[in-house]
2 protein chains.
Amino acid sequence: MKIIIDAMGGDNAPLEIVKGAIQGHKDFGAEIILTGKENEILKAVEDCGERLPDGVTIRNCTEVIEAEDDPGFACRRKKDSSMTVGLTMLRDGEGDAFVSAGSTGALLAGATLFVKRVRGIRRAAMSPLIPTAAGDAVLVDCGANIECTPEYLLQFAYIGNFYAKHALKLEHPRVGLLNIGAEESKGMQLHKDAYILLKEAGDAGHINFIGNVEAKDALKGSVDVIVADGFSGNIMLKTIEGTGSIVKTKLKGMFMKNLVTKIGALCVKGGINDIKLSLDPNERGATPFLGIAKPVLKAHGSSNARAIRNAVKAAMDAVDSRLEEEIASNIELMQVKSEKKEETLAHE
Amino acid sequence: MKIIIDAMGGDNAPLEIVKGAIQGHKDFGAEIILTGKENEILKAVEDCGERLPDGVTIRNCTEVIEAEDDPGFACRRKKDSSMTVGLTMLRDGEGDAFVSAGSTGALLAGATLFVKRVRGIRRAAMSPLIPTAAGDAVLVDCGANIECTPEYLLQFAYIGNFYAKHALKLEHPRVGLLNIGAEESKGMQLHKDAYILLKEAGDAGHINFIGNVEAKDALKGSVDVIVADGFSGNIMLKTIEGTGSIVKTKLKGMFMKNLVTKIGALCVKGGINDIKLSLDPNERGATPFLGIAKPVLKAHGSSNARAIRNAVKAAMDAVDSRLEEEIASNIELMQVKSEKKEETLAHE
């Protein structure tokens, strides 16, 4: 299996990316192709005190997509960027998955443009695993799609369901619609309309739809798949991160108060770290863009070597899951008739 | 000062409500009028091992609004309910503020119907204080208004600003618009349009608008007033609550692991409780409905006596703040011309 990695994307590129990629290769055995400026990558390899192992190769490119580049056009304009080259290699079968810690917007636009969506999928969704009191849950979408239609949310429910089966190893993941109350009359018109579609899919036995779910209950572990419009999903994700950072500050304040509390800290040393990590969605490694025709994964912008190593594993799992095939073979169920007709007409 | 309290609202009514009201009277000196079934209230007083103190009186009513009553019509239909009677007493000047732990929807609809909004205010907003790493912030709105217009958000910004001045004792509260990124192009059309209005108000020096704010940064303490449509605001509030409950579970797991970790727990005993409380927005007492012509406050449904005691203080502060006058005297600034015209036409 070959994993293509954007060596130039992210705050700590290329050093941490290269280090993590080599570690991932060693730990999990995947072949790695690093895209980026060859001399900088080789310098990074040297700085790690490593030599380029067999099985890790470099595809030289001359450009880098920067944070200030317009995400919608970056991959199109910078044809020889580490991101564009990686995505076109994936499209052309020169690798099995692509991982980048670069601009989320540019990666999503580039993946859609070059690798394309599974036929019939309206929008790709970003689907991180988030912490709950009972383990992890899939949040789909977390910010890729701001203005959604009910059909998008139906598709998010299906692809979230397929993803949860693999990522959480569940036979019948419980799918809930993120809302401000459990009653079906709750939410904006979008949520009321989506509820009807999800209920139909549930009643037909295609997904295990358990109804609307409040953020509080989702975090208690009442669902495995949280279906959300990208705006709400992003608010939820960022609120978890923000609350997590309050907790870190408060824990530090609590344990650093005096000698006695410092002894207390020593008594639970590993535990504190576990809590911090469990509240940090970034620790779950890379997030897949579900609905793209081949696995494209976004690693966090601040990824360190360990995050990239984990992203290699996440990418390998994504390839093994053959999610794209599962989506393609169920696409008929995932389309709303009226909208399907419109789309057909628009293409004629 | 007279605070009217709905003795029948909430999960722990009437016992905890009565207990908390008496405690609030003793601690803060306000006169209290309890609305509800007199015999049940007197029984509750007895169960507390108390006598009804001078300054705490009962207004007997025969009905109670239940969770299953339609919130939009409950106060109108149950004219002799503890909530409706309390609201009409407030309207008629028989008290200075009203507190209820009953149905949020019924209270909002009843307050709007009987007490009315400040003239020119489009919608009342629920504005709890939420925890941040730097203290507290005002979240406006947290769920009263699901479908919002840009003008609603402009009004939320102003009333949130006035409230933060009193509740957080700040001269120039920093006002931010809850969004999924800092750039002004972010969000749904609603947020883009609202951004323009808030920017104008900021440029004119009426509010200290610092731009869009992500949930994560808001929780780090980068703003004092978080302006949100009610859907996103509710997702944010419930996510804080949910993450808080994960933290509680994890802390318990960490400290209860073995003898050594239990010793650790003893070393930081008070601190653990502080963290739990600081993450629980309900601990901040009652939440005002901003924009109603007189102070109406919602206590959490699960309020215990301590919460109601704190709600008495919150209600007294609300009366002292004279927020309604501040809103009324600034209402011209808070109206969008085109929408103002439409409204006028609709009333002709």
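This text gives an overview of the structure that appears in the document.

What counts, and at which threshold
- Residues numbered from 1 in each chain as written.
- Chains lettered and ligands numbered in written order.
- Predicted model: local features only at pLDDT ≥ 70, side-chain atom pairs only at ≥ 80, totals over all residues.
- Heavy atoms only, no water.
- Helix = DSSP H or I, 4+ residues; strand = E, 2+ residues; numbered from the N terminus.
- Rg over C-alpha atoms; globule rule 2.2 N^0.38 Å.
- Contact = heavy atoms within 4.5 Å.
- Areas by Shrake-Rupley, 256 points an atom, 1.4 Å probe, with all protein chains shown as cover.
- Lys, Arg positive; Asp, Glu negative; His and termini not counted.
- Charge placed at Lys NZ, Arg CZ, Asp CG, Glu CD.
- Expected span 1.5 Å × (residues − 1).
- Buried < 20%, exposed > 50% of the residue type's maximum accessible area, 1.4 Å probe, protein only.
- Pairing = 2+ DSSP bridges.
- Salt bridge = Lys/Arg side-chain N within 4 Å of Asp/Glu carboxyl O.
- Polar contact = N/O pair within 3.5 Å; in protein donor to acceptor, adjacent residues only side chain to side chain.
- Least-squares fit on C-alpha atoms with pLDDT ≥ 70 in both.
- Axes fitted to C-alpha atoms, helices over the stretch in contact; angles between N-to-C directions.
- Left-handed = near helix turned anticlockwise from the far one by under 90°.
- Disulfide = S-S within 2.5 Å.

## What about the overall build of chain A?
And step 1. The helix and strand tally for chain A stands at 14 helices and 12 strands.
And step 2. In terms of C-alpha radius of gyration, chain A reaches 21 Å, essentially the compact-globule figure of 20 Å for 348 residues.
And step 3. Long-range contacts, defined here as pairs at least 24 residues apart, represent 71% of the contacts in chain A between residues at least 6 apart.
And step 4. Total accessible area on chain A is roughly 14500 Å²; 48% of this is exposed by carbon and sulfur atoms.
And step 5. Charged side chains of chain A number 43 positive and 48 negative; the gap between the two group centres comes to 4 Å.

## A word on helix 9 (residues 230-255) of chain A
And step 1. The terminal C-alpha atoms of helix 9 of chain A lie 37 Å apart, and with 26 residues this matches the ideal 38 Å at 1.5 Å per residue to within 8%.
And step 2. Burial of helix 9 of chain A is extensive: 21 of the 26 residues sit out of reach of the surface.

## Describing the pairing of strand 4 (residues 97-100) of chain A
All names here are of chain A.
And step 1. The alternating pattern of strand 4 places Ala 97 and Val 99 on one face and Phe 98 and Ser 100 on the opposite face, and all of these are buried.
And step 2. Bridge analysis of strand 1 (residues 2-6) against strand 4 gives three bridges, and the strand direction is parallel. Across the sheet, residue Ile 3 finds its bridge partner in strand 4, namely Ala 97.
And step 3. Direction of pairing for strand 4 relative to strand 12 (residues 296-298): parallel, over a ladder of three bridges. The residue bridging Ser 100 from the neighbouring strand is Lys 298, located in strand 12.

## Notes on the interface of chain A and chain B
And step 1. In this assembly, 48 residues from chain A lie in contact with 48 residues from chain B.
And step 2. For the interface between chain A and chain B, the tally reads four salt bridges.
And step 3. A salt bridge links Lys 238 of chain B to Glu 214 of chain A; its shortest N-O distance comes to 2.4 Å.
And step 4. Taken together, the links from chain A to chain B amount to six residue pairs in polar contact (both at pLDDT 80 or more).
And step 5. Of all the secondary structure elements, the ones that give two or more residues to the side of chain A that touches chain B are strand 6 (129-132), helix 7 (189-203), helix 8 (215-220), helix 9, helix 10 (259-267) and helix 11 (269-278) of chain A.

## Here we look at the relation of the copies chain A and chain B
And step 1. The transformation that overlays chain A on chain B combines an axial shift of 0.0 Å with a rotation of 180°, and the residual RMSD is 0.0 Å. Taken together, the rotation angle and the small translation identify this as a two-fold axis. Looking at the rotation axis and the C-alpha trace of chain A, the residue lying nearest is Gly 264 of chain A, at 1.9 Å.
And step 2. Taken as a fraction of all interface residues of chain A, those also at the interface in chain B reach 100%, which identifies the copy contact as same-surface.

## Quick look at the packing of helix 4 (residues 82-91) of chain A against helix 5 (residues 104-115) of chain A
Pairs of packed helices are described in terms of their axes, by the angle between the two and the distance that separates them.
Residue and element names in this part refer to chain A.
And step 1. Axis separation between helix 4 and helix 5 bottoms out at 9 Å; the angle between their running directions is 35°. As for the relative orientation of helix 4 and helix 5, their crossing is right-handed in sense. Together, Met 83, Thr 84, Leu 87, Thr 88, Leu 90 and Arg 91 of helix 4 and Ala 106, Leu 107, Gly 110, Ala 111, Phe 114 and Val 115 of helix 5 make up the contact between the two elements.

## Considering the state of the cysteines
Residue and element names in this part refer to chain A.
And step 1. Counted according to the given criterion, the structure contains zero disulfides over all chains.
And step 2. In this structure Cys 48 is a free cysteine whose sulfur lies 18 Å from that of Cys 61, the closest cysteine sulfur available.
And step 3. Left without a disulfide partner, Cys 142 is nearest to the cysteine sulfur of Cys 148, which lies 12 Å away.

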